[in-house]
2 protein chains.
Amino acid sequence: MSVKRAGQMPVWQQIAGELRQAISDGTMPPGARLPTESELTERFQVARNTARQALTALVAEGLIIAARPRGYFVRDRRPINYRPQQEFMPQPRYLETDRFIAQHSAEGREARQTIEVSIVDPPEMVKDRLRLEAGELTVVRKRVRYLDGEPFNTNDSYFPLDLVQGTEIMRPDDIARGANEVLAENDYRQVRALDEFYVRMPTPEETRRLALAPGTPVAYHVVTGFTSEGRPVRTVLNVLPGDRHVIAFERTRPAQADS
Amino acid sequence: MSVKRAGQMPVWQQIAGELRQAISDGTMPPGARLPTESELTERFQVARNTARQALTALVAEGLIIAARPRGYFVRDRRPINYRPQQEFMPQPRYLETDRFIAQHSAEGREARQTIEVSIVDPPEMVKDRLRLEAGELTVVRKRVRYLDGEPFNTNDSYFPLDLVQGTEIMRPDDIARGANEVLAENDYRQVRALDEFYVRMPTPEETRRLALAPGTPVAYHVVTGFTSEGRPVRTVLNVLPGDRHVIAFERTRPAQADS
DNA sequence: GAGTGGTCTAGACCACGTA
DNA sequence: ACGTGGTCTAGACCACTCG
């Protein structure tokens, strides 16, 4: 290992490059411990801050994690499948818990969620999608889902207040058959949904709420559900950490005359 | 503006917090110039490196950009709609999609793409999805798409070599009616597709190829197309910079007998 | 207690685009 | 030519966790 002062590439990038290479070619597999800052300082004959700059860059890329005082470690990535379409698909009748729990307890991981319900003036993004007038309020069910005790993703579901007034949607409990079914029972069955995905870095608030490691981007998943009359009755804001999810869709060509 | 040494929060985070606040509340709108490092050093009475650490963090969050030597500027975000379903629905009825998202699309923007075709031993990810034996080769069409002269996203389409041997898929030209139609003409019409989205930070290679600003995550979109016999005939690896795309799906509840 | 990374300082010189 | 951010040095002290 050596670095060149005269090169076009800054020293810290050369160091980062060597480490990145060792990670991607398997020399340092997930979970492996990286050299300490002191060791890099010594090995490359640079100031500690220069070695640090290389490591900091890899942290920002999401490749490694700083676990003080044990050192830096190669990150692992074990995403689970996230299938938005599932909520419209027929489900086994014996399922008595909500979608998330059903999907993951089966895999031997302990699923849990917290629920907070409140009545709020919704964010602009929700207002647009639910076509609310200024001042119209919504009921929001804010959930944080945990897997094996670790926060996993968040799900904030907004409903126009007048649609869900007095229903069990307003109670901060699990709804075994799903909030969508409750809406359907109240004559607001959703037949169409629009999914939008925004990819960005998390806000500090999201970083805290989901205990995100530095260098973890999120998918911001916005779902809006419509009745057969085309009325939006539900908007959901999901925050999906990139290191924990792979988003999957399946589509089929609509029936048509063969060519 | 003031920072406290005694607080639990590091000084650089306090500075970053104040700047972040000014950005999110509109005091510094997109395009606005931030204080220089010297100005922050003076205003908060800290070393230049401390002010720098705050700015570097905001760069890594994708909130600001360093445009040397003009200064730091608040980033803008003007994503366009990305609709994977479109390829199966030439004239889709996107009743809801276009309602919300400002369309900077094709209108007035110059679209262009480069195409490279080669025969390669595909990456593992492609091998898995096309169910290839070791050593089986693929044809790959690598495209970089530009909008207004700026690289926008990349699209690498892999086909089993024996399926497309001698077809126009192997020529590095635009295929007006689409590669899928060419496959269909050769008895490999795709009727089903699987979309997978991985959210992560870009590799240095992707950063270069797409001229990504620091702090820009990407969606890695993997599409696999199947014939009616269930044979995979095409796998596409798309890299979609998060600051330039919003991914949109629309779904309808399948017709079903109520149980 | 030892070793880790986290924070912070106070300098230096450089590369680069704009004026 | 000037001012900007980019790189790099050589220190210092701290907080935390592990053995």
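Residues numbered from 1 in each chain as written. Chains lettered and ligands numbered in written order. Predicted model: local features only at pLDDT ≥ 70, side-chain atom pairs only at ≥ 80, totals over all residues. Heavy atoms only, no water.

Caption draft 1: Seen up close, the packing of aromatic side chains. According to the stated counting rule, one finds 4 aromatic pairs over all chains in the structure shown. Ring geometry for F197(A) versus F249(A): centroids 6.0 Å apart, planes at 90 degrees, classification edge-to-face. In this pair, F197(A) is assigned in strand β7 (residues 190–200) and F249(A) in strand β10 (residues 245–252), connecting sequence segments 52 residues apart. When sorted by exposure, F197(A) lands in the same class as F249(A), which is buried. By the ring-pair criterion, three or more aromatic residues cluster together here, those being F197(A), F249(A), F197(B) and F249(B). Note that R112(B) overlies the ring of Y146(B), its terminal NZ or CZ placed 4.3 Å from the centroid. If you follow R192(B) out to its NZ or CZ, it ends over the ring of F226(B), 4.6 Å from the centre. (Phe/Tyr/Trp six-rings, centres within 6.5 Å; stacked < 30°, edge-to-face > 60°. Helix = DSSP H or I, 4+ residues; strand = E, 2+ residues; numbered from the N terminus. Buried < 20%, exposed > 50% of the residue type's maximum accessible area, 1.4 Å probe, protein only. Lys NZ or Arg CZ within 6 Å of the ring centre and 35° of its normal.)

Caption draft 2: Local environment of the interface of chain A and chain B. Counting residues at the interface gives 45 residues for chain A, matched by 46 residues for chain B. When chain A packs against chain B, close to 4,400 Å² is buried across both sides, 55% of that on carbon and sulfur atoms. Among the ionic pairs, E250(B) bridges to R192(A), the shortest N-O distance being 3.3 Å. For the side of chain A that touches chain B, the element with the most residues is β7(A), which contributes 11 residues. Along the lines of polarity and charge, the residues of the side of chain A that touches chain B split into 21 nonpolar, 8 polar and 16 charged. Note that β7(A) and strand β10 (residues 245–252) of chain B share 7 bridges and pair antiparallel. Counted as the bridge partner of R192(A) is T252(B) from β10(B). (Contact = heavy atoms within 4.5 Å. Buried area = accessible area lost by both parts, 1.4 Å probe. Salt bridge = Lys/Arg side-chain N within 4 Å of Asp/Glu carboxyl O. Nonpolar A, V, L, I, M, F, W, Y, C, P; charged D, E, K, R; others polar. Pairing = 2+ DSSP bridges.)

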